[in-house]
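Each chain, written out:
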Amino acid sequence: IMQQERITQQHVEIMVEVPVPMIQEEIVHVPKIMQQERITQQPVEIMVEVPVPMIQEEIVHVPMIMQQPRHRHIEVEMIVDVHVPHTQEEIVHVPKIIQQERITQQHVEMMVEVPVPMVQEQIVHVPKILQQERITQQPVEIIVEVPVPMTQEEIVHVPKII
């Protein structure tokens, strides 16, 4: 029997770190300037002249006729002045109302807000995006089979010759 050294195979794991480039992105919100329309109300005072019909009254004295009783007893011829009522006509002018259209001009003062375009500057600080190369190490497992010489022990029976 021969004694030989026994050789065995062993699995070997080697850890190799391989750098992988990575990019990081960031979302930046920038405010937007919006224009708004303003509506204002302004009260307006208007004075209007309105024609008013006017009636003028006049007092007119109209004589009144009254009858008086007469007594006759004897026929006597007499000349007597008897008051005989006289009627006198008078022309009275009654005003007639005529509507007239009157055009009046009135000054109305209104204040109106007129938007004036204005340029307004504003400094906005926007972060600058820099690209950086980042080196990160990620463990990678590589299985490498390394052939190892192997010897096998064998027992050989040799017959003895006598």
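Before reading on, note that the structure itself is shown above.
Within each chain, residue numbers correspond to sequence positions counted from 1 in written order. Thresholds applied to this predicted model are a pLDDT of at least 70 for local features of residues and 80 or more for the giving and counting of side-chain atom pairs; totals over whole chains, interfaces and linings are not thresholded and use all residues. With hydrogens and water stripped out, all remaining heavy atoms of the structure feed into the side-chain values.

## Some words on the overall build of the protein chain
Logical step 1: When helices and strands are tallied, the protein chain shows zero helices and two strands.
Logical step 2: Projected onto the principal axes, the alpha-carbon positions of the protein chain cover approximately 235 × 45 × 15 Å.
Logical step 3: When a residue's accessible area, from a 1.4 Å probe over protein chains only, is under 20% of the maximum for its type it is buried; when over 50% it is exposed; and in between it is partly exposed. Among the 162 residues that make up the protein chain, the fraction classed as buried is 0%.
Logical step 4: The criterion used for residue contact is that any of the two residues' heavy atoms lie within 4.5 Å. Here the contacts in the protein chain between residues at least 6 apart in sequence split such that 93% fall between residues at least 24 apart.
Logical step 5: When charges are counted, Lys and Arg contribute as positive and Asp and Glu as negative, whereas His and the chain ends are disregarded. Charge placement uses NZ in Lys and CZ in Arg. For Asp and Glu, CG and CD serve respectively. Side-chain charges in the protein chain split into 10 positive and 24 negative, and the spacing between the mean points of these groups amounts to 3 Å. Helix and strand labels come from DSSP, where a helix needs a run of H or I of at least four residues and a strand needs a run of E of at least two; each type is numbered from the N terminus.

## Here's the deal with the environment of Met66
Logical step 1: Here Met66 shows up in the loop between β1 (12-22) and β2 (134-144).
Logical step 2: Between the C-alpha atom of Met66 and that of Glu153, which follows or precedes it by 87 residues, the distance is 182 Å.

## Comments concerning the layout of surface pockets
Logical step 1: With a 1 Å grid spanning the protein atoms alone, the term cavity applies to any set of points in which a 1.4 Å probe fits but cannot get out, the term pocket to an open set with protein on both sides within 12 Å along at least five of seven lines, and the term lining residue to any residue with an atom within 4 Å of a point. Grid points are joined across faces, edges and corners, and a volume is the space filled by probe spheres set on the points. Taken as a whole, the largest pocket encloses approximately 730 Å³ of empty space.
Logical step 2: In terms of lining, the largest pocket is formed by 21 residues, of which the most central are Gln35, Gln36, Pro115, Val116 and Pro117.
Logical step 3: For this classification, Asp, Glu, Lys and Arg are treated as charged, while Ala, Val, Leu, Ile, Met, Phe, Trp, Tyr, Cys and Pro are nonpolar and the rest, including Gly, are polar. Considering only residue class, the lining of the largest pocket consists of ten nonpolar, seven polar and four charged.

## What about the environment of Ile97?
Logical step 1: Note that Ile97 resides in the loop between β1 and β2.
Logical step 2: According to the relative accessible area criterion, Ile97 is partly exposed, its value standing at 47%.
Logical step 3: Taking C-alpha positions, Ile97 is 63 Å from Met34, a pair spaced 63 residues apart along the chain.
Logical step 4: Excluding anything up to four places from it in sequence, Ile97 contacts Pro53, Met54 and Ile55.

## A few points about the environment of Lys32
Logical step 1: In this fold, Lys32 is placed in the loop between β1 and β2.
Logical step 2: Sequence spacing of Lys32 and Pro117 is 85 residues, and the spatial spacing of their C-alpha atoms is 18 Å.

## Some words on a nonpolar patch on the surface
Logical step 1: Patch rule: a residue counts if its relative accessible area is over 30% and it has no salt bridge; like charges are joined within 9 Å, and nonpolar side chains (Val, Leu, Ile, Met, Phe, Trp, Tyr) within 5 Å. Methods summary: accessible areas were calculated by the Shrake-Rupley approach with a probe of 1.4 Å, and residue burial reflects only the protein chains presented. Here a salt bridge means any side-chain nitrogen of Lys or Arg lying within 4 Å of a carboxyl oxygen belonging to Asp or Glu. A surface patch of nonpolar side chains, about 590 Å² in accessible area, is lined by Val12, Ile14, Val16, Val18, Val140, Ile142, Val144 and Val146.
Logical step 2: If you tally residues by element for the nonpolar patch, the top one is β1, at four residues.
Logical step 3: Inspection of the secondary structure assignment puts Ile14 in strand β1.

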